[in-house]
Amino acid sequence: MITEKHTASDGADIEPYRKVLDEVDRLIEAGDYEAGIAAMQKVARSSGNEELMRRLIELRVEAIPSLADKIHPEPMFEANSLLDNTVGLRQRLAQDGYLFLRNILPAERLLELRDQITQILAELKWIKLGSERMQARAICRPRREGQPKFFQAHDRIVKLEALHSLAHEHTLIDVMRQVLGDSVFPHPLSIVRLIFPDSPELATPPHQDFPNNQGTPNLTAAWIPLADCDIKEGSLAVLEGSNQFGVLPLKFHLGAGNRRAVLSESMRSLRWVGADFKLGDVLLFPSHTVHKAMENHNTETMRLSVDFRYQLEGEALTKGCLQPHFQRLSWEDIYSDWQSDELKYYWRKKHYVEVPWNEDLHRLPDDHVDEAYEQTLAYNIALTRRQQKRTGRDQD
Ligand SMILES: O=C(O)CCC(=O)C(=O)O
Ligand SMILES: [Fe+2]
């Protein structure tokens, strides 16, 4: 119990907060970690008391398993039977908020990209080299988006011609034409996900893509794993029909994008759907659909995937969608080792309406700096304890 751990020496320090601490204990005993953490945050953050802060972090570590999303997705509808039936595809997408298509992409293209990515990861000692390289077995402490060590790999991977050209792969474009219309084109913002094992706290939380991308709400994402990827290995799940509930408020979360959508009461009856993905499968969803990554429970291998976004000519987009992901490199940097000129700056020949970015749609609540600090600490402590328990030593 959090508040019983104090010793005589720190007792004086926290005694003025005894009433709140008792209340926190009561909430935790009743199983309401969320309310317990909220009550503890109020006093710890406003008092600046170090002991209270230590207890808050410990409480957050202890609460991680209880607060994890307990989602058991039901099977996604496989939409292959609707291919070549544009009306059927579009109706289903509008109704369910996703289309899941089995085995439509050429495995060689995906494996070629995986080969290049794992080569870079192995050189940087993120994963094991040698015959196991393509399995992407992690050998370092997880790198998080935004950390300098993360960018050592990402800055190289985001330059790969095979990454960007995959968004233009002809079967994918053909399907996107059926789903959206003939003038469809991908945004040059091609995204690669480098998801470590043993970090459920970092699994991409439920969110909509609209606040991150804005522009047309018809913007449609294609999520593509670069290997077979079961639900328990961190594949993507969708909240069926959630595309019909407008744009949702945001909270800070440590996972990719750092934002989780706050679901409304009226969405409680919706079903989460998911799938054990096979190489070549694709999941499509428009930018109001709530989706999340399942936790990667494989304690060894990384989940590698890509996601691209498509829209019709004549529709709106924001500047950021025309930049490389994380906007650290210029397109000239990205193109420096490409073999072909064909896809360089291809979007400049497309017609689209550039609209201003609305920061209000992307803004986090005022407490997000405290949240980021506390979640990061709690995650690092939980991870270190897990690793020590398993191996008896830390990773770098
Ligand atoms: O792969 C992930 O973890 C997140 C993917 C995602 O949110 C997307 O494709 O929009
Ligand atoms: Fe997303």
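In this text, all values refer to a predicted model and were calculated from it rather than measured experimentally. (Residues numbered from 1 in each chain as written. Chains lettered and ligands numbered in written order. Predicted model: local features only at pLDDT ≥ 70, side-chain atom pairs only at ≥ 80, totals over all residues.)

### A word on the overall build of the chain
For the chain, the helix and strand inventory stands at twelve helices and 14 strands. Taking 2.2 N^0.38 as the reference for a compact globule, 396 residues should give roughly 21 Å; the C-alpha atoms of the chain span a radius of gyration of 22 Å, in line with that estimate. Residue burial in the chain is summarised as follows: out of 396 residues, 39% are buried. Within the chain, counting contacts between residues at least 6 apart in sequence, those at least 24 apart form 79% of the total. (Helix = DSSP H or I, 4+ residues; strand = E, 2+ residues; numbered from the N terminus. Rg over C-alpha atoms; globule rule 2.2 N^0.38 Å. Buried ≥ 20, exposed ≤ 12 C-beta atoms within 10 Å, placed from the backbone. Contact = placed C-beta atoms within 7 Å.)

### Overview of the site of ligand 1
Taken together, Arg193, Ile195, Thr204, Asp209, Ala221, Trp223, Leu236, Ala256, His291, Ala293, Ser305 and Asp307 make up all the residues around ligand 1. Residue assignment for the shell around ligand 1 shows that the elements contributing at least two residues are strand 4 (191-195), strand 5 (220-225), strand 11 (291-293) and strand 12 (303-311). For the shell around ligand 1, the per-class residue count stands at six nonpolar, three polar and three charged. (Near = placed C-beta within 6 Å. Nonpolar A, V, L, I, M, F, W, Y, C, P; charged D, E, K, R; others polar.)

### Quick word on helix 4 (residues 50-67)
For helix 4, built from 18 residues, the straight-helix expectation of 26 Å at 1.5 Å per residue is met to within 8% by its first-to-last C-alpha distance of 24 Å. Along helix 4, the sharpest change in direction is near 30° and occurs at Val61; proline Pro65 comes one to four residues later. Among the residues of helix 4, Leu52, Arg55, Leu56, Ile57, Leu59 and Arg60 are the ones counted as buried. (Expected span 1.5 Å × (residues − 1). Bend = angle between axes of the 7 residues up to and from the residue.)

### Describing the environment of Ile139
Position of Ile139 among the secondary structure elements: in the loop between helix 6 (107-123) and helix 7 (148-157). Along the chain, Ile139 and Thr301 lie 162 residues apart, while their C-alpha atoms are 9.2 Å from each other. Ignoring sequence-local partners within four residues, the contact set of Ile139 consists of Lys125, Ile127 and Lys128.

### Digging into the packing of helix 4 against helix 12 (residues 368-391)
Following both chains from N to C, one finds helix 4 and helix 12 inclined at 60°, their axes separated by 9 Å at the closest point. Relative to helix 12, helix 4 is oriented oblique. The handedness of the crossing between helix 4 and helix 12 is right-handed. Side by side, helix 4 and helix 12 meet where Leu56, Ile57, Arg60, Val61 and Ile64 of the first sit next to Glu374, Leu377, Ala378, Ile381 and Ala382 of the second. Classifying every residue of the contact of helix 4 with helix 12 by side-chain character gives eight nonpolar, no polar and two charged. (Axes fitted to C-alpha atoms, helices over the stretch in contact; angles between N-to-C directions. Parallel < 35°, antiparallel > 145°, perpendicular 65-115°, else oblique. Left-handed = near helix turned anticlockwise from the far one by under 90°.)

### Overview of helix 2 (residues 18-29)
Between its first and last C-alpha, helix 2 extends 16 Å over twelve residues, near the 16 Å set by a 1.5 Å rise per residue. When helix 2 is considered as a whole, its buried residues turn out to be Leu21, Val24 and Ile28. The buried side chains of helix 2 occupy one side of the element, clustering within an arc of 55° when seen end-on. For helix 2, exposure combined with an orientation more than 90 degrees from the buried face picks out Lys19, Asp22 and Glu29. At the exit of helix 2 stands Gly31, carrying a positive phi of roughly 85°. (Arc of directions from axis to C-beta.)

### Structural notes on the sheet that holds strand 9 (residues 272-274)
Each strand in a sheet pairs with its neighbour through backbone hydrogen bonds, running either in the same direction (parallel) or in the opposite one (antiparallel). A sheet is described by the order of its strands in space; here four strands give the open sequence 1-9-6-11, paired in mixed fashion. The open sheet has two edge strands with one neighbour each: strand 1 (74-75) and strand 11. Pairing between strand 6 (residues 236-239) and strand 9: two bridges, direction antiparallel. Of the residues in strand 9, the one forming a bridge with Leu239 is Trp272. (Pairing = 2+ DSSP bridges.)

### Considerations on unusual backbone geometry
A positive phi angle, near 50°, is found at Asn103, a position not held by glycine. Summarising the element assignment, Asn103 is placed in the loop between strand 2 (99-101) and helix 6. Even without a glycine there, the phi angle at Phe326 is positive, about 75°. Here Phe326 falls in the partly exposed class, since 15 other C-beta atoms lie within 10 Å of it.

### A word on the environment of Phe326
Summarising the element assignment, Phe326 is placed in the loop between strand 13 (316-317) and helix 11 (331-334). A sequence separation of 135 residues divides Phe326 from Ile191, and the C-alpha atoms of the two residues are 9.3 Å apart.

### Here we look at the domain arrangement of the chain
When cut into domains, the chain gives domain 1 (2-67 + 374-389) and domain 2 (74-107 + 158-361). Each of domain 1 and domain 2 was reduced to a C-alpha centroid, and the two centroids are 37 Å apart. Considering each element in turn, the side of domain 1 that touches domain 2 owes the most residues, six residues, to helix 12. Residues of the side of domain 1 that touches domain 2, tallied by class, amount to four nonpolar, two polar and one charged. (Domains from an automatic or database assignment.)

### What to know about the pairing of strand 12
Where burial is concerned, most of strand 12 is hidden: nine out of the nine residues are buried. Side chains Arg303, Ser305, Asp307, Arg309 and Gln311 project from strand 12 onto one buried face, and the interleaved Leu304, Val306, Phe308 and Tyr310 project onto a second face that is buried too. In terms of strand pairing, strand 3 (residues 185-186) meets strand 12 through two bridges, oriented antiparallel. Its bridge partner being in strand 12, Phe185 is matched across the sheet by Gln311. Note that strand 4 and strand 12 share five bridges and pair antiparallel. Across the sheet, Val192 pairs through a bridge with Val306, a residue of strand 12.

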